[in-house]
Number of protein chains: 2
Amino acid sequence: MRTRPLKVALLGCGVVGSEVARIMTTHADDLAARIGAPVELAGVAVRRPSKVREGIDPALVTTDATALVKRGDIDVVVEVIGGIEPARTLITTAFEHGASVVSANKALLAQDGAALHAAAGQHGKDLYYEAAVAGAIPLIRPLRESLAGDKVNRVLGIVNGTTNFILDKMDSTGAGYQEALDEATALGYAEADPTADVEGFDAAAKAAILAGIAFHTRVRLDDVYREGMTEVTAADFRSATEMGCTIKLLAICERARDGASVTARVHPAMIPLSHPLASVRGAYNAVFVESDAAGQLMFYGPGAGGSPTASAVLGDLVAVCRNRLNGTTGPGESAYADLTVSSMGEVVTRYHISLDVADKPGVLAQVATVFAEHGVSIDTVRQQGKDGEASLVVVTHRASDASLTGTVEALRKLDTVRGVASIMRVEGE
Amino acid sequence: MRTRPLKVALLGCGVVGSEVARIMTTHADDLAARIGAPVELAGVAVRRPSKVREGIDPALVTTDATALVKRGDIDVVVEVIGGIEPARTLITTAFEHGASVVSANKALLAQDGAALHAAAGQHGKDLYYEAAVAGAIPLIRPLRESLAGDKVNRVLGIVNGTTNFILDKMDSTGAGYQEALDEATALGYAEADPTADVEGFDAAAKAAILAGIAFHTRVRLDDVYREGMTEVTAADFRSATEMGCTIKLLAICERARDGASVTARVHPAMIPLSHPLASVRGAYNAVFVESDAAGQLMFYGPGAGGSPTASAVLGDLVAVCRNRLNGTTGPGESAYADLTVSSMGEVVTRYHISLDVADKPGVLAQVATVFAEHGVSIDTVRQQGKDGEASLVVVTHRASDASLTGTVEALRKLDTVRGVASIMRVEGE
Ligand SMILES: NC(=O)c1ccc[n+]([C@@H]2O[C@H](COP(=O)([O-])OP(=O)(O)OC[C@H]3O[C@@H](n4cnc5c(N)ncnc54)[C@H](OP(=O)(O)O)[C@@H]3O)[C@@H](O)[C@H]2O)c1
Ligand SMILES: NC(=O)c1ccc[n+]([C@@H]2O[C@H](COP(=O)([O-])OP(=O)(O)OC[C@H]3O[C@@H](n4cnc5c(N)ncnc54)[C@H](OP(=O)(O)O)[C@@H]3O)[C@@H](O)[C@H]2O)c1
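Residues numbered from 1 in each chain as written. Chains lettered and ligands numbered in written order. Predicted model: local features only at pLDDT ≥ 70, side-chain atom pairs only at ≥ 80, totals over all residues. Heavy atoms only, no water.

Digging into the UniProt feature "binding site: NADPH" (unreviewed entry) in chain A
Residue and element names in this part refer to chain A. Put simply, the rule is: UniProt positions are given in the numbering used here, feature names are shortened, and annotations may be inferred rather than shown by experiment. In DSSP terms, a helix is any run of H or I states spanning at least four residues, a strand is any run of E spanning at least two, and both are numbered starting from the N terminus. Only protein chains enter the accessibility calculation, which uses a 1.4 Å probe; a residue whose area is less than 20% of its type maximum is buried, one above 50% is exposed, and one in between is partly exposed.
As annotated by UniProt and renumbered to match this structure, "binding site: NADPH" (unreviewed entry) occupies Lys-106. Tracing the sequence through the fold places Lys-106 in helix α5 (residues 106-122). For Lys-106, a relative accessible area of 27% gives the class partly exposed.

Quick word on the site of ligand 2
All names here are of chain B. For clarity, the threshold we go by: The near set for a molecule or strand comprises every residue that places at least one heavy atom within 4 Å of it. What qualifies as a polar contact is a pair of N or O atoms within 3.5 Å, subject to a donor-acceptor requirement within protein and to the restriction that residues adjacent in sequence count only when both atoms come from side chains. For the area figures, the Shrake-Rupley method with a 1.4 Å probe applies, and any residue is considered shielded solely by the protein chains shown.
What surrounds ligand 2 is a group of 21 residues, the closest being Cys-13, Val-15, Val-16, Arg-48 and Gly-305. A distance of 2.7 Å separates an oxygen atom of ligand 2 from a polar atom in the backbone of Cys-13. Within the side chain of Arg-53, an N or O atom sits 2.9 Å from an oxygen atom of ligand 2. Calculation on ligand 2 without its partners gives an accessible area of 900 Å², and the protein chains cover 80% of this total.

Let's talk about the UniProt feature "active site" (unreviewed entry) in chain A
Residues and elements named next belong to chain A. Cut-off, in case you're wondering: Here a residue-residue contact requires only that any non-hydrogen atoms of the pair lie within 4.5 Å.
When the UniProt feature table is mapped onto this chain, "active site" (unreviewed entry) is found at Lys-206. With respect to the element layout, Lys-206 can be found in helix α10 (residues 201-215). Residue Lys-206 is classed as buried on the basis of its relative accessible area of 4%. Discounting residues that sit within four places of it in the chain, Lys-206 has contacts with Lys-106, Ala-132, Val-133, Ala-134, Val-159 and Asn-160.

Considerations on the packing of α5 of chain A against α10 of chain A
Residues and elements named next belong to chain A. This is how it is decided: Here the axes come from fitting lines to C-alpha atoms, over the contacting stretch only for helices, and the angles between their N-to-C directions go from 0 to 180 degrees. Small angles under 35 degrees read as roughly parallel and large ones over 145 as roughly antiparallel, with 65 to 115 read as roughly perpendicular and the rest as oblique. For a crossing to be left-handed, the near helix must be turned anticlockwise from the far one by less than a right angle; the clockwise case is right-handed. Ten residue types, Ala, Val, Leu, Ile, Met, Phe, Trp, Tyr, Cys and Pro, are classed as nonpolar, four, Asp, Glu, Lys and Arg, as charged, and the remainder, Gly among them, as polar.
Put simply, α5 and α10 touch, their axes get as near as 8 Å, and they point 50 degrees apart. The angle between α5 and α10 places the two elements in the oblique class. In terms of crossing hand, the pair formed by α5 and α10 is left-handed. Contact residues: α5 offers Lys-106, Ala-107, Leu-109 and Ala-110, while α10 offers Asp-202, Ala-205, Lys-206, Ala-208 and Ile-209. Split by residue class, the contact of α5 with α10 holds six nonpolar, no polar and three charged.

Focus: the pattern of salt bridges
Condition: By salt bridge we mean one thing: a side-chain nitrogen of Lys or Arg within 4 Å of a carboxyl oxygen of Asp or Glu.
For the structure shown, the criterion picks out 50 salt bridges over all chains. A salt bridge links Arg-350 of chain A to Asp-379 of chain A, with the nearest nitrogen and oxygen atoms 2.7 Å apart. Taken as a pair, Arg-350 of chain A in strand β14 (residues 348-358) and Asp-379 of chain A in strand β15 (residues 378-386) lie far apart in primary sequence, 29 residues in all. The class for Arg-350 of chain A is buried, based on a relative accessible area of 15%. Glu-19 of chain B serves as the salt-bridge partner of Arg-22 of chain B, at 2.8 Å between the closest nitrogen and oxygen. Here Arg-22 of chain B and its partner Glu-19 of chain B are both found in helix α1 (residues 15-26), three residues apart, which amounts to about one turn of the helix. A residue is classified by how much of its surface remains accessible, and Glu-19 of chain B, at 17% relative accessible area, is buried. In this structure, a network of salt bridges that share partners links the residues Arg-154, Glu-254, Arg-265, Glu-290 and Glu-427 of chain A.

Focus on helix α4 (residues 87-96) of chain A
Residues and elements named next belong to chain A. Taken together, the buried positions of α4 are occupied by Ala-87, Leu-90, Ile-91, Thr-93, Ala-94 and Phe-95. Buried residues along α4 sit in contact with β1 (6-11), α3 (65-70), β4 (76-79), β5 (100-103), α5 and β6 (127-128). Just beyond α4, the residue with positive phi is Gly-98, at close to 95 degrees.

Thoughts on the relation of the copies chain A and chain B
For the record, the criterion: Alignment of copies: least-squares fit on C-alpha atoms of residues with pLDDT of at least 70 in both copies.
Of the transformation superimposing chain A on chain B, the axial component is 0.0 Å and the angular component is 180 degrees, with the fit at an RMSD of 0.0 Å. With respect to symmetry, the two chain copies, as superposed, fit the operation of a two-fold axis. Judged by C-alpha distance, Phe-299 of chain A is the residue of chain A that lies nearest the rotation axis, at 2.4 Å. Interface residue correspondence from chain A to chain B reaches 100%, placing this contact among same-surface, isologous pairings.

Quick look at the domain arrangement of chain A
Quoted interface sizes are often the accessible area lost when the parts come together. Note the cut-off: By convention here, the domain bounds are inherited from an automatic or database domain assignment.
Here the domain parsing of chain A yields domain 1 (6-135 + 306-326), domain 2 (140-302) and domain 3 (344-426). Relative to domain 3 of chain A, the C-alpha centre of domain 1 of chain A lies at a distance of 51 Å.

Here we look at α10 of chain A
All names here are of chain A. Our working definition: A helix is expected to reach a length of 1.5 Å times the quantity of its residues less one.
With 15 residues, α10 extends 21 Å from end C-alpha to end C-alpha; this agrees with the ideal 21 Å at 1.5 Å per step. Counting buried positions over the 15 residues of α10 gives 14, a clear majority of the element. Just downstream of α10, His-216 is the residue with a positive phi angle, here 50 degrees.

Side note on the packing of helix α1 (residues 15-26) of chain A against helix α12 (residues 306-326) of chain A
All names here are of chain A. Two numbers describe how α1 lies on α12: the axes approach to 8 Å, and their chain directions differ by 60 degrees. Relative to α12, α1 is oriented oblique. Every pair of crossing elements has a handedness; the one defined by α1 and α12 is right-handed. Contact with α1, carried on its side by Val-15, Val-16, Glu-19, Val-20, Ile-23 and Met-24, involves Gly-306, Ser-307, Thr-309, Ala-310, Val-313, Leu-314 and Leu-317 of α12 and no other residues of that element. Its residues placed into classes, the contact of α1 with α12 shows nine nonpolar, three polar and one charged.

Some remarks on the state of the cysteines
What counts here: Whenever a pair of cysteine sulfur atoms sits within 2.5 Å, that pair is classed as a disulfide.
One pass over the full model with this rule turns up zero disulfides over all chains. In this structure Cys-321 of chain A is not part of a disulfide, and its nearest cysteine sulfur, from Cys-13 of chain A, lies 18 Å away.

Re the site of ligand 1
Residues and elements named next belong to chain A. Neighbouring ligand 1 are 21 residues; Cys-13, Val-15, Val-16, Arg-48 and Gly-305 lie closest to it. Val-15 is positioned such that a nitrogen or oxygen atom in its backbone is 2.9 Å from an oxygen atom of ligand 1. Between ligand 1 and Arg-53 there is a distance of 2.9 Å, counted from an oxygen atom to a side-chain nitrogen or oxygen. Protein chains bury 79% of the 900 Å² of accessible surface belonging to ligand 1 in isolation. Residues belonging to the shell around ligand 1 are distributed by class as follows: 11 nonpolar, six polar and four charged.

Concerning the interface of chain A and chain B
To keep it simple, the criterion reads: Buried area counts how much accessible surface, traced with a 1.4 Å probe, disappears from two parts once they are put together, with both parts' losses summed. At least two DSSP bridges between two strands are needed for those strands to be called paired.
Between chain A and chain B, the contact holds 43 residues from the first and 43 residues from the second. Both faces combined, the contact of chain A with chain B buries some 3,800 Å², and carbon together with sulfur accounts for 54% of it. Taken as a group, Arg-34, Tyr-300 and Tyr-336 of chain A account for 16% of the area that chain A buries against chain B, more than any other trio of residues on that side. Our count for the chain A to chain B interface comes out at two salt bridges. For the interface between chain A and chain B, the tally reads 20 residue pairs in polar contact (both at pLDDT 80 or more). No other element matches α12 of chain A, which puts eight residues into the side of chain A that touches chain B. Class assignment for the residues of the side of chain A that touches chain B results in 22 nonpolar, 12 polar and nine charged. Pairing between strand β12 (residues 295-302) of chain A and strand β12 (residues 295-302) of chain B: three bridges, direction antiparallel. The residue of β12 of chain B that forms the bridge with Tyr-300 of chain A is Met-298 of chain B.

Focus: the sheet that holds strand β2 (residues 39-45) of chain B
Residues and elements named next belong to chain B. Pairing is parallel across the open sheet formed by six strands, whose spatial order is β3-β2-β1-β4-β5-β6. Only two strands of the sheet have a single neighbouring strand rather than two, namely β3 (61-62) and β6 (127-128). Running over the sheet, helix α12 (residues 306-325) touches β1 (6-11), β2, β4 (76-79), β5 (100-103) and β6 and is turned about 170 degrees from β5.

Let's talk about the packing of aromatic side chains
This is how it is decided: We call Phe, Tyr and Trp rings a pair once their centres come within 6.5 Å, taking the six-membered ring for Trp, and we label the pair stacked below 30 degrees between planes, edge-to-face above 60, and tilted otherwise. Either the NZ atom of lysine or the CZ atom of arginine qualifies as a charge over a ring when it sits within 6 Å of the ring centre and within 35 degrees of the ring normal.
All told, the structure shown has five aromatic pairs over all chains when counted by the stated rule. When the ring of Phe-299 of chain A is compared with that of Phe-299 of chain B, the centres are 6.1 Å apart and the planes differ by 85 degrees; the resulting orientation is edge-to-face. Here Phe-299 of chain B lies in strand β12 and Phe-299 of chain A lies in strand β12, a pairing that spans two chains. For Arg-226 of chain A, the ring lying beneath its charged end belongs to Phe-201 of chain A, and the centroid distance is 3.9 Å.

Put into structure tokens, the structure is as follows:
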């Protein structure tokens, strides 16, 4: 074993960073044995230098992250600050000054992954980010390496723990969105500003990253259709139950059936209770991967939290350190397939639509005609009426999102349709 | 991209090998792009040369596997013959003649993994075998790489599809073992001689491999306690149902609570219906991994079959080819922790014991005394009696296997105990 240690600079020492530092200390001997050389924490960049940080030598703490990554003797920079800047510049500077990088930053990777990979490649350095998607769950490495000889057709997953906690609460207690969100906030599962989670931004970043790796194609954040889960109601859950389904916020990356294009999207969807994702409870994450040869695989575990996320960061750190000792780098970005990334209109799935309609004869015929005119074939219709008001619940066969959107626009124009109460995609069948 | 191809020798072209060859042909362009060089099938060794093999150039087929691995121009040998010999000698010869090796051979790896790793290391070559455990499910790479910065405490899994199919049938239909086995055989889920599966030999080999990797300690096949599932009865399933459990054949690799020793075992066990492994149906496999930082992870998918297993083989092939192009090797055997591998007697778990007893006063007191004398604390007892015969169902708190064995021996000596109908461990709580 080499005795000269590999030097690690930690950028950020918050929820994730403090756990990374802790494990680096408590598991130092194991890490050294697994890497083949000791690893040394060479510096810790933070915003508030005077904050007491248990187990961290105050002499290592600095507010000058730039100077730290420019030191020139750093082997690996671990970026757990989050956000776009200064993280992006710090990572690029790290490459320029000879370090490899491990990051947990999904927002940055989803937005600027291509440029960061290019910078890593240019300087012959590694950029690893297992922790950026689904916390502790090994997902990027299995997609990039274990399935490297296979053809992935679909990635379907629950990749945001906060929204899964809220939806699970709504499902199990009948609570509305706000009530469930309040509970999630009180228990620390939702942040004070939950926008990134409940509006699907966080899941969309992960979908972009996953789709890029799964399909060997660059998928930009803008390519990901995004719909949050703030409009999901207790009534939607009752409809789902009637269909033998539950509702999950899903990230779905799919190859079109003709193989030539791919799509990536995030939205709430009904999935059958028999689907393994339906039983993913609380803040857990789970991702289904479907490929030609392997068939259906599922990966399940804690999608966030300081210590699970640190586990993923440290796995990457060990890999990057080993590469460094071997004088090599791991697999970089793979975007050779360069498939077309289609828009949401081309996604083909099934839909569950609730309409408020006038309770009079002929309404169903009118509605059915609109569906037929747009080429959307109906699987089942359920009619419920009382006091001159009625509701129609239509479940369609597979149709393109564009046809469905056209159908709904036309339905809204019908005099007999008072409103479209909800539209929910049905997945995982 | 390099244009000179990497040469692959395929040893065996049966269920798995034929799929490996097929995917190498149909996905040739993707493999080349992902590896950075084309891969060429340079030779295929089989037993019956005249058998028609779709898609395989007959000029590549040989019965002289030894000559093939000695050619000297082979980059990677894929061993999918199975069994100990000639596979073992062929792999060693391959290393001596400059090739790296990908294998799916759990029996060989469990028995001779240490020697084969040593040979690979001596010649600076790779030995990869993701397909040897749980078919398509990425498990060895996640344990060896993703969790390389974490401390694994337990691996608990369903790693044999045949036995899971049989147990699932027994559970869902109330069938007995033989009836369920017959159906598994008729459907092709069980081989003509099912011994390796139903007696737990196959699962024990996988447990040895998993424990070795998870605990960075050499675990020999002989170290694995093994109990098959041929004695599991319909009555056991009824008892399990009463306890809110089902029965699975589990491979369990555990670190003792004091951290100093580990155990590996395979046996049928009751697990709560609420445990994610309880809902693993049919021939699917699933493995739970518990570690200090990541918490609980689960990996699920098809544990066997030609094409899923080939997916895992090809993932390894891509990795080994990349290493070769980089002039490096991946992580080899890691046995530095060198923990004590304890015997079954030191395993601590709970037990469900059914006793046939005389239906007379004082029996329960007698039985309870025996448990107490052996330091096994009772959680619940249920008594059922009719016509002078009665049964006692005892569920214990956690106790060592040695104490339980002592208890059962003493119980058998009681006049009032007519027989011990079943002993089943209770796991996953
Ligand atoms: N938390 C999770 O469960 C989780 C899960 C997966 C991925 N991630 C990702 O991990 C990253 C970190 O998340 P976190 O939850 O650990 O965040 P956090 O608790 O807010 O910690 C951020 C850290 O960065 C430091 N920092 C902020 N601005 C800085 C600057 N300009 N220069 C130097 N240091 C600066 C902060 O310093 P002070 O301590 O002085 O404030 C703090 O130590 C994010 O990319 C996040 O998306 C988090
Ligand atoms: N099948 C699965 O689902 C699965 C799953 C995981 C792991 N595995 C492992 O994968 C390996 C292969 O399994 P399999 O199911 O593919 O076996 P298989 O169908 O029985 O194929 C064995 C192949 O090896 C050839 N062979 C046998 N002896 C040979 C010799 N002395 N020299 C050269 N070739 C020889 C056979 O030739 P002929 O074709 O001429 O008979 C046949 O092509 C085993 O280690 C198994 O444990 C299998």
